[in-house]
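# Breakdown of the fold
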Amino acid sequence: MQLERLLQKHGFGTRKGCRALIRHGRVAVNEVVCDDPFAEVATTGLVFSVDGVAWPYAEFASLVLHKPAGYECSRKPQHHPSVLELLPLPLRERGVQPIGRLDEDTTGLLLITDDGQLNHVLSSAKRKVPKVYLATTRHPVDQAQVDQLLAGVQLNDEPEPIAAAAATIASEHLLRLTVTEGKYHQVKRMVAAAGNRVEALHREAVGEFVLPPDLKPGEWRWLAAVDLQKLGYSS
């Protein structure tokens, strides 16, 4: 792939702008500066850098982000900053978007990608991908509430009761809940239907992929092949 095309694909601007970056000596390929925009570059295992910042070649940009509260999962937020502002500009320019949405006040595991197939696989209602949440509740959680959630609770505008795939009491005011749908405010509405109220919500896992414990709020990293396998996806 020509170097200028590679940079454009990775969100570094127009072809003309990428050509200028290269000709000004701001781009290195495998740690060697290259000033030829038309140089053919092998992409397998490639690491290039722009202004000293290293980037792996990625056909698709698939990321995990530890979402903090106060951000909207939208490219066009209305009331709060977009969660995409936590990413470097080149990733945003690639057109990445969150897979599904977490509410502004919900924290935890958020997957972001420009891979349409991955987005479809994890968003499809037919696949019933489990999502695990830790809900902090206003009132103590008891077994009766858990039993209701497992049996199914009736939500407004839903024709049939919705049941949790799993529900356990983590502590007096903590409920761990697994759902396989992606309905609007689903966890909050389910807990309310069981007679309690969610005060804080944190997503811990999607599929078998768990939020990395060393990833702090606001931080992100690339998804590795093993991560995609835990999500039930192979490109």
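Look a little higher up for the structure.
Residues numbered from 1 in each chain as written. Predicted model: local features only at pLDDT ≥ 70, side-chain atom pairs only at ≥ 80, totals over all residues. Heavy atoms only, no water.

## Digging into helix α5 (residues 143-151)
- For α5, every residue scored as buried is listed here: Q145, V146 and L149. Considered in projection along α5, the buried side chains sweep an arc of 100 degrees and stay on one side of the axis.
- Structurally, α5 contributes buried residues whose contacts are with β9 (166-171), β10 (174-179) and α6 (186-193).
- Once α5 ends, the next one or two residues include G152, with phi positive near 120 degrees. (Buried < 20%, exposed > 50% of the residue type's maximum accessible area, 1.4 Å probe, protein only. Helix = DSSP H or I, 4+ residues; strand = E, 2+ residues; numbered from the N terminus. Arc of directions from axis to C-beta. Contact = heavy atoms within 4.5 Å.)

## Examining the sheet that holds strand β2 (residues 32-33)
- Spatial strand order, β2-β1-β3-β4: 4 strands in an open sheet with antiparallel pairing. Whereas interior strands pair on both sides, the edge strands pair on one side only; in this sheet they are β2 and β4 (53-56).
- Direction of pairing for strand β1 (residues 27-29) relative to strand β3 (residues 47-50): antiparallel, over a ladder of 3 bridges. By the bridge assignment for β3, V27 is matched with V50. (Pairing = 2+ DSSP bridges.)

## What about the pattern of salt bridges?
- Considering all chains together, one arrives at 12 salt bridges under this definition.
- Residue E204 is joined to R176 by a salt bridge in which the shortest nitrogen-to-oxygen separation is 2.7 Å. Taken together, the residues E204 in strand β11 (residues 198-206) and R176 in strand β10 connect sequence positions 28 residues apart.
- When salt bridges with common partners are traced through the structure, they connect E4, R15 and R19 into a single cluster. (Salt bridge = Lys/Arg side-chain N within 4 Å of Asp/Glu carboxyl O.)

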